[in-house]
Amino acid sequence: MKLTDINEIKRLAARHGFKFSKTLGQNFLTDEYVVESTAEASAENGVEYALEVGPGFGVLTKELSKYYKKVVAVEIDRAVLPVLEETLADCQNVTVINADVMKTDLHALIDGHFNGGPVNVAANLPYYITTPVITSLLESGANISSITVMVQKEVADRLVAAPGSKDCGAISAAVAYRARAKKLFDVPPECFIPAPKVTSSVIKLEMRDVPAAAVEDEKLFFAVIKAAFAQRRKQLINSLANAFPHFSKEQIRQAVEQSGLSADVRGEKLSLESFAKISDLLSKGVNI
Ligand code: SAM
């Protein structure tokens with residue numbers, strides 16, 4: 001059974017009374033090259049276990065099962081379960097879990113199903129939860145080696161943007177802190193059924209063993225980054241003064257200047273190291 005074949009997908013949908021849900025971001029892949037390249041890129045590092053988010057009719061799941069010893073796929077929609085039973089009947093190394101990934105304890109799942117990992121995550125992500133899924137994977141503390149995912153092109157450009165570059169946002173800085181991010185290829189709307197309105201991209205995040213910057217207080221570090229990008233056109237000192245009323249503007253100015261930056265710098269221009277220095281100085285109450 002060829003799961004990239006549009007007629008096969010239509011036959012399966014008709015036989016199981018399945019209707020595509022826009023709300024659940026159900027755009028299924030119909031391009032063999034995209035499916036194969038995504039699975040291959042995901043498995044490059046030789047890790048034995050894969051976690052997939054949103055298997056749909058199982059097109060990527062089936063391909064992943066060729067590369068991995070064990071694949072666990074988390075799918076929210078009950079309606080695809082009977083379809084998956086049929087399409088993955090030959091894949092003994094695949095387990096499907098009917099759950100909302102946003103309500104799943106990923107750390108516990110990885111510990112339970114993969115003996116603590118390491119695990120690669122691979123997915124054609126439903127677009128309505130791209131950023132929260134990636135954020136919760138990055139912050140889960142689980143033993144994840146890499147994340148290879150299809151997302152909207154604009155989101156991909158933002159996720160892989162280097163801190164200080166034009167496309168960088170708070171999420172790019174969070175990604176760069178924990179992973180090395182690269183874009184693999186773009187995928188046009190014609191590669192899906194139904195076709196989405198936008199172009200997609202596959203990106204790969206290779207998790208770092210240690211974060212890209214040393215910080216005293218991660219919570220404050222991320223709060224500083226969030227504040228800097230919330231008002232990215234403003235001077236950093238003003239953005240931080242708005243976000244942290246318990247620090248005086250003078251303390252903030254000192255933290256910025258002691259980090260080697262000019263007082264009128266904008267937050268969007270900062271490297272991870274500068275964010276780390278500022279948050280470390282603030283966490284020490286700035287020695288003034
Ligand atoms: N992997 C399939 C493919 O590439 O053809 C389907 C990808 S489709 C873009 C996204 C899939 O994620 C759908 O099967 C959808 O039902 C599922 N999904 C949506 N929200 C989810 C959630 N919160 N938790 C788990 N799966 C979800």
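Quick caveat: nothing in here was measured; it's all calculated off a predicted structure.

Criteria and cut-off values
- Residues numbered from 1 in each chain as written.
- Predicted model: local features only at pLDDT ≥ 70, side-chain atom pairs only at ≥ 80, totals over all residues.
- Heavy atoms only, no water.
- Salt bridge = Lys/Arg side-chain N within 4 Å of Asp/Glu carboxyl O.
- Buried < 20%, exposed > 50% of the residue type's maximum accessible area, 1.4 Å probe, protein only.
- Axes fitted to C-alpha atoms, helices over the stretch in contact; angles between N-to-C directions.
- Helix = DSSP H or I, 4+ residues; strand = E, 2+ residues; numbered from the N terminus.
- Parallel < 35°, antiparallel > 145°, perpendicular 65-115°, else oblique.
- Left-handed = near helix turned anticlockwise from the far one by under 90°.
- Contact = heavy atoms within 4.5 Å.
- Nonpolar A, V, L, I, M, F, W, Y, C, P; charged D, E, K, R; others polar.
- Domains from an automatic or database assignment.
- Buried area = accessible area lost by both parts, 1.4 Å probe.
- Polar contact = N/O pair within 3.5 Å; in protein donor to acceptor, adjacent residues only side chain to side chain.
- Pairing = 2+ DSSP bridges.
- Expected span 1.5 Å × (residues − 1).

### As for the pattern of salt bridges
(1) Moving on: Across all of its chains, the model carries 18 salt bridges by this definition.
(2) Moving on: Of the charged contacts, one joins Lys-166 and Asp-167 as a salt bridge, the two residues approaching to 3.5 Å between their closest N and O atoms.
(3) Moving on: In this structure Lys-166 comes out as exposed when scored by relative accessible area, which is 72%.
(4) Moving on: For Asp-167, a relative accessible area of 34% corresponds to the partly exposed category.
(5) Moving on: The residue Glu-268 makes a salt bridge to Arg-266 at a minimum N-O spacing of 3.1 Å.
(6) Moving on: Residue Glu-268 is classed as buried on the basis of its relative accessible area of 7%.

### Re the packing of helix H11 (residues 249-258) against helix H12 (residues 272-283)
Helix-helix packing is described using two parameters, namely the angle between the two axes and the distance between the axes.
(1) Moving on: It is the contact of H11 with H12, at a shortest axis distance of 8 Å, that shows an interaxial angle of 140°. The angle between the axes of H11 and H12 places the two elements in the oblique class. Helix-helix and strand crossings are classified by hand; for H11 and H12 the assignment is right-handed. Only Ile-278, Leu-281 and Leu-282 of H12 make contact with H11, whose side of the interface consists of Ile-252, Ala-255, Val-256 and Gln-258.
(2) Moving on: Its residues placed into classes, the contact of H11 with H12 shows six nonpolar, one polar and no charged.

### A short note on the domain arrangement of the chain
A common way to express how large an interface is: the accessible area buried when the components associate.
(1) Moving on: By the assigned domains, the chain splits into domain 1 (6-207) and domain 2 (218-283).
(2) Moving on: Distance from the C-alpha centre of domain 1 to the C-alpha centre of domain 2: 34 Å.
(3) Moving on: In this complex, domain 1 contributes 13 residues to the contact, which on the side of domain 2 involves twelve residues.
(4) Moving on: Summed over both partners, the interface of domain 1 with domain 2 buries about 930 Å², with 62% contributed by carbon and sulfur atoms.
(5) Moving on: When the buried area of domain 1 at its contact with domain 2 is split by residue, Gly-164, Ala-170 and Tyr-177 rank highest and sum to 44% of it.
(6) Moving on: Counting across the domain 1 and domain 2 interface gives one salt bridge.
(7) Moving on: Glu-218 is paired through a salt bridge with Arg-178; the nearest N and O atoms lie 3.3 Å apart.
(8) Moving on: Counting the contacts that link domain 1 with domain 2 gives five residue pairs in polar contact (both at pLDDT 80 or more).
(9) Moving on: Of the residues forming the side of domain 1 that touches domain 2, the biggest block, six residues, is contributed by helix H8 (residues 170-178).
(10) Moving on: Taken together, the residues of the side of domain 1 that touches domain 2 sort by class into seven nonpolar, three polar and three charged.

### Focus: the side chain of Ser-140
(1) Moving on: Its place among the elements puts Ser-140 in the loop between helix H6 (130-139) and strand S6 (144-152).
(2) Moving on: Within the structure, the side chain of Ser-140 is placed 3.0 Å from the backbone oxygen of Leu-137, a separation counted as a polar contact.
(3) Moving on: At 3.1 Å, the side chain of Ser-140 forms a polar contact with the backbone nitrogen of Ala-142.
(4) Moving on: For Ser-140, the residues in contact, after removing those within four places along its chain, are Leu-106 and His-107.

### Focus: the pairing of strand S9 (residues 200-207)
(1) Moving on: Within S9, seven of the eight residues are buried, leaving the element largely enclosed by the surrounding structure.
(2) Moving on: Pairing of S6 with S9 involves seven bridges; the strand directions are antiparallel. Bridge assignment links Gln-152 to a residue of S9, and that residue is Ser-200.
(3) Moving on: Where strand S7 (residues 179-187) meets S9, eight bridges bridge the pair, whose relative direction is antiparallel. Bridge pairing in S9 places Lys-183 opposite Ile-203.

### Quick look at helix H2 (residues 32-43)
(1) Moving on: Taking 1.5 Å per residue as the helical rise, H2 with its twelve residues ought to reach 16 Å, and the 17 Å between its terminal C-alpha atoms agrees with that figure.
(2) Moving on: All of the buried residues in H2 are Val-34, Val-35, Ser-37, Thr-38, Ala-39, Ala-41, Ser-42 and Ala-43.
(3) Moving on: Turning to H2, the residues buried within the fold contact strand S1 (28-29), helix H3 (59-67), strand S5 (119-124), S6, S7 and S9.
(4) Moving on: Between the side-chain oxygen at the start of H2 and the backbone nitrogen of Tyr-33 there is a gap of 3.0 Å, and the oxygen is on Asp-31.

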